[in-house]
Amino acid sequence: MPIVSSKGKAMPESPIRKLVPFAEKATKEGKHIYHLNIGQPDIKTPAVAMEAIRNHQLDILAYSHSAGFESFRKKLTIYYAKHKINVTTDDVLITTGGSEALIFTMGSITDPGDEIIVPEPFYANYHGFSTQSTIKIVPVISKIENGFALPSIEEFEKLITKKTKAILICNPGNPTGYLYSKEEIKQLSKLAIKYDFFLISDEVYREFVYDESEHYSILQEKGLEEHAIVIDSVSKRYSMCGARIGCMVSKNKSVMQTAMKFAQTRLSPPTLAQIASEAALETPESYYTDTVIEYKSRRDILITKLNEIPGVKVAIPKGAFYCIAELPIKNAEHFSKWLLDEFDLNKETVMLAPASGFYSTPDKGKNQVRIAYVLNKEDLTKAIEILKFALKKYND
């Protein structure tokens, strides 16, 4: 019988989605599930984006340019300029989600066996993208004790080899919510220049920063122009996860010309979704302001409630809408399955994302979970109350 590839066998399961069969079974049994496992915002998509889809004048749903609509890319340069990022339309490549932007980036800058250094815990799909690209993720461990701050530059330097092609960060971070400071970005930039490799920054949560903090993009760093690659997406910014529109942004012409060949191979990003995403750039500033206020309020409730649970340790996120919580258990995956399969409180339970899937170092994060605070405040409060009760019952 024909067999699947070794690459296919090595592809990791999503820690976010792997428990879906348990959730489906729980739902069929009549349980209500509070989904803390996935970063699907409940904030409404901007009306201007939805109206653009409803009112389009297309007679044919045709291909777009492989780089995406020029009008869309032009508007993106205006958007970036508002964030003190100066780029041209040639520096922007529209992709099918931020995921494709990462795949194009890895394909453009690495060869099989090359290495990318990533602070962990990291967005779980980085592991899948690297496996798909036949390269190796080299983790540098950040710790919950100091809020998952950037590890020392010395720790990075210990890991640099001839195969190192880039450092990849997520800023603000998924799954930790950590926001890298301007000084930390400068430290990483100096390292990229010193050793002549790329610095990749996944900045899809750029708007979501709290406590009067400011986001500092690698594209704002002077002298890093040939080394900087930004990954971006409309998914979280405009609550448009299903649009599957992202972009790759870099001033390195060789990188962008190479990425264009990958873009041509997949023909074009989706046309209707580009129409919606281009229109979303007309969203009023009040949308971002109100959304940030809402997420910060949810964050504060979540952290307060988690700190009331005996034995729970949590790092306070400064951005995005996730946190990593360390629970008083040995195996978060077993606990997460148990929550869905064996537990309920008045026919209600919660769904978590075991954090071990956000690490590539064996046995790291086994007692941690990622929590996405994308529920309204009432549901979020109820979910953590259920979690508190569940932990007590699980440990008794």
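Below you will find a few notes about this structure. (Residues numbered from 1 in each chain as written. Predicted model: local features only at pLDDT ≥ 70, side-chain atom pairs only at ≥ 80, totals over all residues. Heavy atoms only, no water.)

Observations concerning the layout of surface pockets
Empty space among the atoms becomes visible once a probe the size of a water molecule is rolled across them.
For step 1, the next point in the chain: Roughly 630 Å³ of volume is contained in the largest pocket.
For step 2, the next point in the chain: Taken together, 24 residues make up the lining of the largest pocket; nearest its centre are K82, H83, R206, E207 and E285.
For step 3, the next point in the chain: Of all the elements in the fold, those that place two or more residues in the lining of the largest pocket are α4 (70-82) and α11 (285-307).
For step 4, the next point in the chain: Empty space within the second largest pocket amounts to approximately 470 Å³.
For step 5, the next point in the chain: Looking at the second largest pocket, it is lined by 24 residues, and the ones nearest its centre are S99, Y123, N125, K236 and R244. (1 Å grid on protein atoms, 1.4 Å probe; cavity = no way out; pocket = protein on both sides within 12 Å on 5 of 7 lines; lining within 4 Å. Points joined across faces, edges and corners; volume = space filled by probe spheres on them. Helix = DSSP H or I, 4+ residues; strand = E, 2+ residues; numbered from the N terminus.)

Description of the pattern of salt bridges
For step 1, the next point in the chain: For the structure shown, the criterion picks out 27 salt bridges.
For step 2, the next point in the chain: Across the pair K158 and E155 runs a salt bridge whose closest N-O atoms are separated by 3.0 Å. Linking K158 with E155, this pair stays in helix α7 (residues 153-159), spanning three residues, or about one helical turn.
For step 3, the next point in the chain: We note a salt bridge from K318 to D211, for which the minimum N-O separation is 3.3 Å. Here K318, found in the loop between β9 (313-314) and β10 (322-326), pairs with D211, found in the loop between β6 (198-202) and β7 (228-233); they are 107 residues apart in sequence, far enough to count as distant.
For step 4, the next point in the chain: Judged by its relative accessible area of 35%, K318 is partly exposed.
For step 5, the next point in the chain: Judged by relative accessible area, D211 falls into the partly exposed class, the value being 32%.
For step 6, the next point in the chain: Several salt bridges share partner residues, and in doing so they unite E203, R206, E207, D232 and R237 into one network. (Salt bridge = Lys/Arg side-chain N within 4 Å of Asp/Glu carboxyl O. Buried < 20%, exposed > 50% of the residue type's maximum accessible area, 1.4 Å probe, protein only.)

Focus on the packing of aromatic side chains
For step 1, the next point in the chain: For the structure on display, the rule yields 19 aromatic pairs.
For step 2, the next point in the chain: Judged by centre distance (5.6 Å) and plane angle (85 degrees), the ring pair of Y205 and Y322 falls under edge-to-face. Separated by 117 residues along the polypeptide, Y205 in the loop between β6 and β7 and Y322 in strand β10 bring together distant segments of the chain.
For step 3, the next point in the chain: Using a relative accessible area of 1% as the deciding quantity, one classes Y322 as buried. (Phe/Tyr/Trp six-rings, centres within 6.5 Å; stacked < 30°, edge-to-face > 60°.)

As for the packing of helix α2 (residues 20-28) against helix α12 (residues 332-341)
For step 1, the next point in the chain: Running from amino to carboxyl end, α2 crosses α12 at an angle of 20 degrees, the nearest separation of the two axes being 8 Å. Looking at the two axes, α2 sits roughly parallel to α12. In the packing of α2 onto α12, the handedness of the crossing is left-handed. Where α2 abuts α12, its residues F22, A23, K25 and A26 lie against K337, L340 and D341.
For step 2, the next point in the chain: Partitioning the contact of α2 with α12 into residue classes produces four nonpolar, no polar and three charged. (Axes fitted to C-alpha atoms, helices over the stretch in contact; angles between N-to-C directions. Parallel < 35°, antiparallel > 145°, perpendicular 65-115°, else oblique. Left-handed = near helix turned anticlockwise from the far one by under 90°. Contact = heavy atoms within 4.5 Å. Nonpolar A, V, L, I, M, F, W, Y, C, P; charged D, E, K, R; others polar.)

Points about the environment of E385
For step 1, the next point in the chain: Within the secondary structure, E385 sits in helix α13 (residues 377-395).
For step 2, the next point in the chain: Taking C-alpha positions, E385 is 7.9 Å from K305, a pair spaced 80 residues apart along the chain.

Quick look at the sheet that holds β10
For step 1, the next point in the chain: One open sheet holds the four strands; their spatial order is β9-β10-β13-β12, and the pairing between them is antiparallel. At either end of the open sheet lies a strand with only one pairing partner, and these are β9 and β12 (353-354).
For step 2, the next point in the chain: Alignment of β9 against β10, held across two bridges, turns out to be antiparallel. Each residue of the ladder has a partner; that of K313, found in β10, is E326. (Pairing = 2+ DSSP bridges.)

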